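The chain contents come next:
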Amino acid sequence: MKKVKVLLVGSVILCILLMIIIVMSTNSNVKEWQSINQIKACRGLLDGPIRSITLRQTTDSAEWAVFDDEDLIHQWETYFASLEVMYERPVTKSDMEGNGGMPVIAITTDTAKYTFRLHVTDGKDIIEIGNDYYIYRSSLELPFTETYNAAIERHGVITPWD
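Residues numbered from 1 in each chain as written. Predicted model: local features only at pLDDT ≥ 70, side-chain atom pairs only at ≥ 80, totals over all residues. Heavy atoms only, no water.

A. The arrangement of the sheet that holds strand β6 (residues 113-121) in detail. Here we have eight strands laid out as an open sheet, ordered β1-β4-β8-β7-β6-β5-β2-β3, and antiparallel in their pairing. For this open sheet the edge positions go to β1 (34-35) and β3 (64-67), each flanked by a neighbour on one side alone. Sheet topology note: the β1/strand β4 (residues 84-90) ladder contains two bridges and is antiparallel. Each bridged residue has a counterpart across the sheet, and for Q34 the counterpart in β4 is V85. Across the sheet, helix α2 (residues 70-82) is in contact with β2 (50-56), β3, β4, β5 (104-109), β6 and β8 (132-137); its angle to β2 comes to roughly 90 degrees. Across the sheet, helix α4 (residues 144-155) is in contact with β2, β3 and β5; its angle to β3 comes to roughly 80 degrees. (Pairing = 2+ DSSP bridges. Helix = DSSP H or I, 4+ residues; strand = E, 2+ residues; numbered from the N terminus. Contact = heavy atoms within 4.5 Å. Axes fitted to C-alpha atoms, helices over the stretch in contact; angles between N-to-C directions.)

B. Molecular detail of the nonpolar core. Core analysis: the largest hydrophobic core is formed by 30 residues, its most contacted members being I53, L55, W76, I105 and F116. In contact with F116, other than residues within four places in its own chain, are I36, C42, L45, F80, P103, V104, I105, I107, I127, E128 and I129. (Core = buried A, V, L, I, M, F, W, Y, C linked by side-chain atoms within 4.5 Å. Buried < 20%, exposed > 50% of the residue type's maximum accessible area, 1.4 Å probe, protein only.)

C. Highlighting α2. The end-to-end C-alpha distance of α2 is 18 Å, a good match for the 18 Å that 13 residues give at a rise of 1.5 Å each. Contacts made by the buried residues of α2 are with β2, β3, β5, β6, β8 and α4. (Expected span 1.5 Å × (residues − 1).)

D. How the structure looks around the packing of α2 against α4. Close contact between α2 and α4 brings their axes to 10 Å; oriented N to C, the two are set at 165 degrees. On the basis of their axis angle, the class for α2 and α4 is roughly antiparallel. Like other packed secondary-structure pairs, α2 and α4 cross with a definite hand, here left-handed. On α4, the residues touching D71, L72, Q75 and W76 of α2 are F144, E146, T147, A150, A151 and R154. Classifying every residue of the contact of α2 with α4 by side-chain character gives five nonpolar, two polar and three charged. (Parallel < 35°, antiparallel > 145°, perpendicular 65-115°, else oblique. Left-handed = near helix turned anticlockwise from the far one by under 90°. Nonpolar A, V, L, I, M, F, W, Y, C, P; charged D, E, K, R; others polar.)

Just geometry here; none of it tells us what the structure is for.
Listed below in structure tokens is the structure:
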């Protein structure tokens, strides 16, 4: 009888440990560096070609750089392939208030559209993905300014009303 109780208690503990491992392994908010393609909201970003990119210097800017130039897109594909992110925290309501000053990157692929907002908070480079903030790093320089200026020079400014 005592062996049955020990076996039952051991089985329950084993089941609990297995459930904890499963929950931890499926949690998208892991506090470790990972490829942007590992983030649930970005799965597929690096799997196919980027078709077009829209850059806005600020969220509320009406002056957009929109391009599908292969050389400019290649800079972004290379950058995103080197980009690593680490979960920081969820976006809160107070984060969204009066936050029109951050650059925005909107990427269109054959299968999805991805939108990223860039912040610097407490000295950390932050990328907003979906409803979460991630610290980001890359061995490459962010190609935002270079590609924004090149696209404006080549194609002119695009507005939401065009």
